Amino acid sequence: MKIVFMGTPDFAVPSLEALLEAGHEVAGVFTQPDRPKNRGMKLQPPPVKVCAQSHDLPVFQPTKLRDGSALETIQALAPELIVVAAYGRILPQEILDAPALGCINVHSSLLPKYRGAAPINWAILNGERETGVTIMHMALALDAGDIIAQRSTPIDPDETVETLHDRLAEIGAALLAETVEDMAAGRAQRIPQEESQVSLAPMLSRDLSPLDWTRPARALHDQVRGLIPWPAAVTELDGTRCKVLATTVVQETTDKAPGTVLAADKHGLKLACGEGTVLSIDELQPDGKKRMKSADFLRGHPIPVG
């Protein structure tokens with residue numbers, strides 16, 4: 001099948017590679033413009049561009065999609081199908097309507113749950129035990145198109161966004177290859193989403209970062225693993241602001257007030273949480289410092305128990 005692919009970050013790379021491995025003709029790749037990064041602020045190409053260039057595919061990086069130029073390019077490429085995976089842009093109706101088979105999207109949740117920009121993060125933040133990938137027909141409304149295929153996967157209680165992201169990218173790529181094959185054979189289904197089951201996964205912000213020690217340890221643990229690598233959970237330890245990057249829910253109870261330091265030694269930090277639960281801070285990053293074990297932090301910042 002002749003396809004135009006649209007994607008930008010690492011999540012989209014396995015999907016592009018899966019289409020190529022399946023033998024489809026990728027006529028062009030749309031991705032977001034290069035962005036300045038790191039201290040030198042040098043322009044860096046997005047991962048999908050790097051992948052596309054390694055396969056000698058034409059790359060297009062329009063700054064606008066509504067001025068007609070992107071549509072002209074797509075019409076010239078004449079794809080049968082447009083495949084989108086984490087492109088980061090809203091497609092206007094004229095682009096959605098351009099290919100004969102329309103546009104499909106690889107979305108990292110089990111729709112209609114977690115429509116929006118950060119479905120992987122919110123699944124972990126909310127303590128979900130399961131998530132997955134949905135391949136859907138695209139519509140103007142946010143992630144509201146008909147479902148073609150879904151595949152679920154359990155979420156480990158200690159899994160972070162980073163590891164789940166990589167697993168879902170691979171699951172999505174495999175499911176995409178199967179879905180495109182079904183579409184080419186005319187056997188792909190279309191299932192309208194159940195609007196009563198919709199939940200949203202909005203963009204993350206630093207407002208989500210502060211740890212509230214009156215919450216149970218499991219909720220705080222989910223917050224930590226759901227906000228990695230950005231914006232990260234934060235707390236203040238004896239006057240030092242720290243990102244909290246790894247935690248463990250301790251299987252013990254306490255009658256101490258939430259936020260009380262229960263242990264601060266070579267084994268790390270334990271703090272009292274809501275409902276009598278206990279959380280261990282295993283790794284953290286003080287402002288202006290590198291990531292470290294909490295035991296290493298305590299060597300330079302001893303914190304009294306209690």
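None of the values given here were measured: they were computed from a predicted structure.

Caption draft 1: Fine view of the packing of helix α1 (residues 13-21) against helix α6 (residues 161-185). At a closest axis distance of 8 Å, the pairing of α1 and α6 adopts a crossing angle of 35 degrees. Handedness of the α1/α6 crossing: right-handed. Side by side, α1 and α6 meet where P14, S15, A18 and L19 of the first sit next to A169, E170, G172, A173, L176, A177 and V180 of the second. When grouped by side-chain class, the residues that make up the contact of α1 with α6 number eight nonpolar, two polar and one charged.

Caption draft 2: Highlighting the pairing of strand β10 (residues 233-237). Here β10 lies mainly inside the structure; four of its five residues are buried. Across five bridges, the pairing between β10 and strand β11 (residues 240-250) is antiparallel. Opposite T235, over in β11, you have C242 as the bridge partner. Between the antiparallel neighbours β10 and β11 lie two residues, among them D238 with a positive phi of about 50 degrees.

Caption draft 3: Here's a closer look at α6. Taking 1.5 Å of rise per residue, 25 residues should cover 36 Å, and α6 covers 35 Å from first to last C-alpha, within 8% of that figure. Just past α6, the residue G186 takes up positive phi, approximately 75 degrees.

Caption draft 4: The pairing of strand β6 (residues 81-85), seen in detail. Where burial is concerned, most of β6 is hidden: five out of the five residues are buried. Burial of the side chains of β6 extends over both faces: L81, V83 and A85 are buried on one face and I82 and V84 on the other. Two strands pair when backbone bridges link them, and strand β1 (residues 2-7) and β6 are joined in this way by five bridges, in the parallel orientation. Bridge pairing links G7 to A85 in β6.

Caption draft 5: Structural detail: the packing of α1 against helix α2 (residues 47-54). Where α1 meets α2, the closest approach of the two axes is 9 Å, and the angle between their N-to-C directions is 25 degrees. By the angle between their directions, the pair α1 and α2 is classed as roughly parallel. Crossing geometry of α1 relative to α2 is assigned as right-handed. The segment α1 lies against α2, with V13, L16 and E17 engaging P47, V48, C51 and A52. Partitioning the contact of α1 with α2 into residue classes produces six nonpolar, no polar and one charged.

Caption draft 6: Structural detail: the sheet that holds strand β8 (residues 130-137). An order of β5-β2-β1-β6-β7-β8-β9 is seen for the seven strands of this open sheet, with the pairing classed as mixed. Of all strands in the sheet, those with a lone pairing partner are β5 (59-60) and β9 (147-154), marking the two edges. Helix-sheet contacts for helix α3 (residues 69-77) involve β1, β2 (25-30), β5 and β6, and the interaxial angle to β2 is about 170 degrees. The strands touched by α6 within the sheet are β1, β6, β7 (103-107), β8 and β9, with β9 carrying the most contacts at an inclination of about 150 degrees.

Caption draft 7: Representation of the pattern of salt bridges. Taken as a whole and assessed by the stated rule, the structure comprises 15 salt bridges. Here D146 makes a salt bridge to R190, at a shortest N to O gap of 3.2 Å. Placement of the pair is D146 in the loop between β8 and β9 and R190 in the loop between α6 and α7 (217-226), with a sequence separation of 44 residues. Taking the relative accessible area as the measure of exposure, D146 reaches 22% and is therefore partly exposed. On the basis of relative accessibility, which here comes to 52%, the residue R190 falls in the exposed class. The salt bridge involving E283 is made with K293; its shortest N-O contact spans 3.2 Å. You can see E283 sitting in strand β14 (residues 278-286) and its partner K293 sitting in strand β15 (residues 292-293), a full 10 residues away along the chain. Overall, the relative accessible area of 46% leaves K293 in the partly exposed class. Salt bridges sharing partners connect three or more residues here, namely E181, D182 and R187.

Caption draft 8: Here's a closer look at unusual backbone geometry. L111 connects to P112 through a cis peptide bond whose omega is 15 degrees. Tracing the chain through its elements places P112 in the loop between β7 and α5 (119-125). In this structure, A86 takes a positive phi of about 55 degrees despite not being glycine. Relative to the helices and strands, A86 resides in the loop between β6 and α4 (93-96).

Caption draft 9: Geometry of the side chain of S280. Relative to the helices and strands, S280 resides in strand β14. When its relative accessible area of 8% is taken as the criterion, S280 is described as buried. Looking at S280, its side chain comes within polar contact range of the main-chain oxygen of L269, at 3.4 Å. If we ignore the near neighbours within four places in the chain, the residues touching S280 are A246, T247, T248, V250, L269 and K270.

Calculation notes
- Residues numbered from 1 in each chain as written.
- Predicted model: local features only at pLDDT ≥ 70, side-chain atom pairs only at ≥ 80, totals over all residues.
- Heavy atoms only, no water.
- Axes fitted to C-alpha atoms, helices over the stretch in contact; angles between N-to-C directions.
- Helix = DSSP H or I, 4+ residues; strand = E, 2+ residues; numbered from the N terminus.
- Left-handed = near helix turned anticlockwise from the far one by under 90°.
- Contact = heavy atoms within 4.5 Å.
- Nonpolar A, V, L, I, M, F, W, Y, C, P; charged D, E, K, R; others polar.
- Buried < 20%, exposed > 50% of the residue type's maximum accessible area, 1.4 Å probe, protein only.
- Pairing = 2+ DSSP bridges.
- Expected span 1.5 Å × (residues − 1).
- Parallel < 35°, antiparallel > 145°, perpendicular 65-115°, else oblique.
- Salt bridge = Lys/Arg side-chain N within 4 Å of Asp/Glu carboxyl O.
- Polar contact = N/O pair within 3.5 Å; in protein donor to acceptor, adjacent residues only side chain to side chain.

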